[in-house]
Amino acid sequence: MPRSDTEGGAAVLVAYASEHGSTREIAERVARRLTRSGHRAEARPVDGAVDPDPGRYDAVVVGSAVHNQQWLPAAAGYVRRHRTELSKRPVWLFSVGMAEALGRALRNRAMRHEPKDMPALRGEIHPVETRQFSGAVRRGDLPPAGHAVFMAMGGRYGDYRHWEQIDAWTDGIAQRLRKAEPA
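Just so it is clear, the structure is predicted and the values come from calculations on it, not from any experiment.

A.B. asks: Outline the overall build of the protein, listing residues and values.
C.D. replies: Check the secondary structure of the protein and you find seven helices and eight strands. Against the 2.2 N^0.38 benchmark of 16 Å for 183 residues, the protein shows a C-alpha radius of gyration of 17 Å, consistent with a compact globule. With the C-alpha coordinates of the protein rotated into their principal frame, the extents come out at 55 × 30 × 25 Å. In the protein, buried positions account for 43% of the 183 residues. In the protein, the proportion of contacts linking residues at least 24 apart, taken out of those at least 6 apart, comes to 76%. With the model as given, the accessible surface of the protein reaches about 9300 Å², and the carbon-plus-sulfur share is 50%.

Here it is as structure tokens:
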């Protein structure tokens, strides 16, 4: 989806790295909502085999699942590889973790801390905003040892995505892009 000054709305790339599908579903929803608001958005994975060129878009949203308190290597690598292009346009970053699935003590701590690599990523591209969302955690997502640790931490399987918060964040992006359009 190349940039174009003749069509309405901004061309927006929603790039993502997802391990079990939760982040992909959020990225796809963000792209659909931006499209419904008058922009031309598409969700594309960044998994090593796919490396969409951010220079072809007016704005970029990048999301990643969080594992071991860090973005997935594919997403962090995407930001680093394309830092020059990303720093020239509005960029929003979102992280998807399992904070709300954890027991109370760990949940409160996890919700207060961003992924360990976020300060460095923010420093490289200076995004408009970063946001953290909880995702879905299904029993089949974890190996047996991981299941045991998750249960010991008071974890609960389920879908913890708050779609109304994701939609409100996306609407803010759409409004910001609309304000930036030439008259």
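A.B. asks: Account for the pairing of strand β3 (residues 59-67), naming residues and giving values.
C.D. replies: Two faces, one strand: in a regular strand the side chains alternate between the faces of the sheet. Burial analysis of β3 places seven of its nine residues in the buried class, the great majority of the element. With six bridges connecting them, strand β1 (residues 11-17) and β3 associate as parallel partners. Its bridge partner being in β3, tyrosine 16 is matched across the sheet by glycine 63. As paired elements, β3 and strand β5 (residues 91-97) share six bridges and run parallel to each other. Bridged to alanine 65 within β5 is valine 96. Relative to strand β4 (residues 70-71), β3 runs antiparallel, the two being bridged by two bridges. Residue valine 66 lies in a different strand from β4, and its bridge partner there is tryptophan 71. Hairpin connection between β3 and β4: a loop of two residues separates the two successive antiparallel strands, and asparagine 68 in this loop has a positive phi of roughly 55 degrees.

A.B. asks: An account of the packing of aromatic side chains is requested, with residue identities and associated values reported.
C.D. replies: For the structure on display, the rule yields four aromatic pairs. The interplanar angle of 55 degrees and the centroid separation of 6.1 Å between the aromatic rings of phenylalanine 94 and phenylalanine 133 together place this pair among those described as tilted. With phenylalanine 94 in strand β5 and phenylalanine 133 in strand β6 (residues 129-134), this residue pair connects regions lying 39 residues apart in the sequence. When its relative accessible area of 0% is taken as the criterion, phenylalanine 94 is described as buried. Look at phenylalanine 133 and you get buried, because its relative accessible area is 7%. Here phenylalanine 150 and tyrosine 157 contribute two aromatic rings whose centre-to-centre distance is 4.9 Å and whose plane-to-plane angle is 45 degrees, an arrangement assigned as tilted.

A.B. asks: Describe in detail the environment of glycine 135, supporting the description with residues and values.
C.D. replies: Tracing the sequence through the fold places glycine 135 in the loop between β6 and β7 (136-137). In this structure the C-alpha to C-alpha distance between glycine 135 and alanine 65, which are 70 residues apart in sequence, comes to 8.4 Å. Those residues in contact with glycine 135 that lie beyond four places of it in its chain are Ser22, Val96, Gly97, Gly158, Asp159, Tyr160 and Arg161.

A.B. asks: Provide a residue-level description of the pairing of β5, including the pertinent values.
C.D. replies: Along β5, six of the seven residues are buried, which leaves the element largely enclosed by surrounding structure. Of the pairings in the sheet, the one linking β5 to β6 comprises six bridges and is parallel in character. Within β6, the residue paired with phenylalanine 94 across the bridge is arginine 131.

A.B. asks: So what's going on with the environment of glycine 123? Which residues, and what values?
C.D. replies: Its place among the elements puts glycine 123 in helix α5 (residues 118-125). Taking the C-alpha atoms as reference points, glycine 123 and serine 87, 36 residues apart in sequence, are found 9.9 Å from one another.

A.B. asks: Pulling in residues and values, what's your account of the side chain of histidine 82?
C.D. replies: Among the secondary structure elements, histidine 82 is positioned in the loop between α2 (73-81) and α3 (83-86). Here the side chain of histidine 82 touches aspartate 51 through a polar contact of 3.0 Å, side chain to side chain. When neighbours within four sequence positions are excluded, histidine 82 is seen to be in contact with Asp51, Pro52 and Pro54.

Definitions and cut-offs
- Residues numbered from 1 in each chain as written.
- Predicted model: local features only at pLDDT ≥ 70, side-chain atom pairs only at ≥ 80, totals over all residues.
- Heavy atoms only, no water.
- Helix = DSSP H or I, 4+ residues; strand = E, 2+ residues; numbered from the N terminus.
- Rg over C-alpha atoms; globule rule 2.2 N^0.38 Å.
- Buried < 20%, exposed > 50% of the residue type's maximum accessible area, 1.4 Å probe, protein only.
- Contact = heavy atoms within 4.5 Å.
- Areas by Shrake-Rupley, 256 points an atom, 1.4 Å probe, with all protein chains shown as cover.
- Pairing = 2+ DSSP bridges.
- Phe/Tyr/Trp six-rings, centres within 6.5 Å; stacked < 30°, edge-to-face > 60°.
- Polar contact = N/O pair within 3.5 Å; in protein donor to acceptor, adjacent residues only side chain to side chain.

Remember that the coordinates give geometry; whether it matters functionally is a separate question.
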